Structure formats: C-alpha cells, structure tokens
Amino acid sequence: MSSIIALGSGGFATCATVYLYAGIRGKNRITVKKDNVPYWAFAIGTFSASAGSAFQQIAGIGTQIDQAFQGNNALGDWRTGATAALLTIVTFGFEAKPLKDSICGAVAPSLFAAAGGLWALPANFFYPLASAFVN
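Residues numbered from 1 in each chain as written. Predicted model: local features only at pLDDT ≥ 70, side-chain atom pairs only at ≥ 80, totals over all residues. Heavy atoms only, no water.

Asks: Would you take a moment to explain the packing of helix α3 (residues 53-70) against helix α5 (residues 98-115) for this structure?
Replies: When two helices pack together, their arrangement is given by the angle between their axes and by how far apart the axes lie. Packing of α3 against α5 leaves a shortest axis separation of 8 Å and a crossing angle of 70°. It follows that α3 is roughly perpendicular to α5 by the angle criterion. Contact residues: α3 offers Ile58, Ala59, Ile61, Gly62 and Asp66, while α5 offers Ala106, Val107, Ser110 and Leu111. (Axes fitted to C-alpha atoms, helices over the stretch in contact; angles between N-to-C directions. Helix = DSSP H or I, 4+ residues; strand = E, 2+ residues; numbered from the N terminus. Parallel < 35°, antiparallel > 145°, perpendicular 65-115°, else oblique. Contact = heavy atoms within 4.5 Å.)

Okay, structure coming up:
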C-alpha cells in the first residue's frame, strides 16, 4: 500500500531541500519566512536518517559536534543532552539567519535522538506521523 504522497524518505528530503532553498532566496514564487527555516530543516533532518547515503551525512555532523564538546577536558563532564540544549539555544535564541538555522535544524533530529530522554520526543513523534504521508 502506498501512502498519500508516496515520495519516499529520500524523495521528501530532496524536495524539501530544494523547496527550502528556493524559499530562502525569496526571489521566486516560493517564500519561506526566516522564522520557519528551522522547522523545514528539522523535517529534512528527520527524513535524512532513513534516506540514501547522500543525506545520511547530516547525522554525522551532529555526532562530530557532540564529540568535540565531550572530548574537551576543559568543559568537564559533557553529555549529549548538553549539546542538544546548546543547539536549541543557538537556533532559537539568536536572530533568525537562514544558513545557521538550516544547519542547526537539519542536525537536530539525529542529535536529539542520540541524547535520548525528553530530547528524543520531537524526532520520535514527528517521524512516524509524517512518514505515513510520504513513504
């Protein structure tokens, strides 16, 4: 049985990436408000986990950021939840910038899932619901 849209994970991630790029530029018919960029990027990051190898590198960025903080002895005991909190503060605490917000939003699902606990709820709630429409 196919879904409502039948794009697949890789198809959705690609289409959403192109849509986001066209919308950020603002010179096309598609417009994406700067405040909405993290949410689009979060959807891209969520589906990239189950997409092809081109998109699976996004999860690696979150892992590398987390390992950079955990490997720094000057910070003391650093857990993945702290990296997820820091990413959230950087995304929503500063002025909306499309480049920063798209990177942080795309990296967030894999980092949130790795942190576990309450951090994993957005990724674990959103993906099954949305995948029913696109897979």
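Asks: Just to check I follow, could you spell out helix α1 (residues 9-25) for this structure?
Replies: Taking 1.5 Å per residue as the helical rise, α1 with its 17 residues ought to reach 24 Å, and the 24 Å between its terminal C-alpha atoms agrees with that figure. Within α1 the residues assigned to the buried category are Ser9, Phe12, Ala13, Ala16, Leu20, Ala22 and Gly23. Downstream of α1 by a residue or two, Gly26 has a phi angle that is positive, lying close to 75°. (Expected span 1.5 Å × (residues − 1). Buried < 20%, exposed > 50% of the residue type's maximum accessible area, 1.4 Å probe, protein only.)

Asks: What should I look at first to understand the pattern of salt bridges in this one?
Replies: Here the idea is simple: oppositely charged side chains can pair when their charged atoms come close. Counting across every chain of the model gives two salt bridges. Between Asp77 and Arg79 there is a salt bridge, with the nearest N and O atoms lying 3.4 Å from each other. Given a relative accessible area of 57%, Arg79 falls into the exposed group. Residues Lys100 and Asp101 are paired through a salt bridge, measuring 2.6 Å at the closest nitrogen-oxygen approach. (Salt bridge = Lys/Arg side-chain N within 4 Å of Asp/Glu carboxyl O.)

Asks: Would you take a moment to explain the packing of helix α2 (residues 37-48) against α5 for this structure?
Replies: In contact at an axis separation of 7 Å, α2 and α5 are set at 40° when each is read in the N-to-C sense. The orientation of α2 with respect to α5, classified from their angle, is oblique. For the element pair α2 and α5, the recorded crossing hand is right-handed. Facing α2, whose interface residues are Val37, Pro38, Ala41, Phe42, Gly45 and Thr46, α5 presents Pro98, Asp101, Ser102, Gly105, Ala106, Ala108, Pro109 and Phe112. Across the contact of α2 with α5, the residue classes break down as nine nonpolar, four polar and one charged. (Left-handed = near helix turned anticlockwise from the far one by under 90°. Nonpolar A, V, L, I, M, F, W, Y, C, P; charged D, E, K, R; others polar.)

Asks: Which parts of the structure should I look at to understand the side chain of Ser102?
Replies: Looking at the element boundaries, Ser102 is found in helix α5. A distance of 2.9 Å separates a polar atom in the side chain of Ser102 from the backbone oxygen of Leu99. Other than its neighbours up to four places away in sequence, Ser102 contacts Leu20, Val37 and Ala41. (Polar contact = N/O pair within 3.5 Å; in protein donor to acceptor, adjacent residues only side chain to side chain.)

Asks: Would you mind going over the confidence of the model for the protein chain with me for this structure?
Replies: Interpretation of this model should avoid reading the predicted coordinates in detail wherever pLDDT is low. On average, residues of the protein chain carry a pLDDT of 84, and 93% of them reach 70 or more. Mean pLDDT in the protein chain bottoms out at helix α6 (residues 120-134), which sits at 74, and peaks at helix α4 (residues 80-93), which reaches 92. (pLDDT = per-residue confidence, 0-100.)

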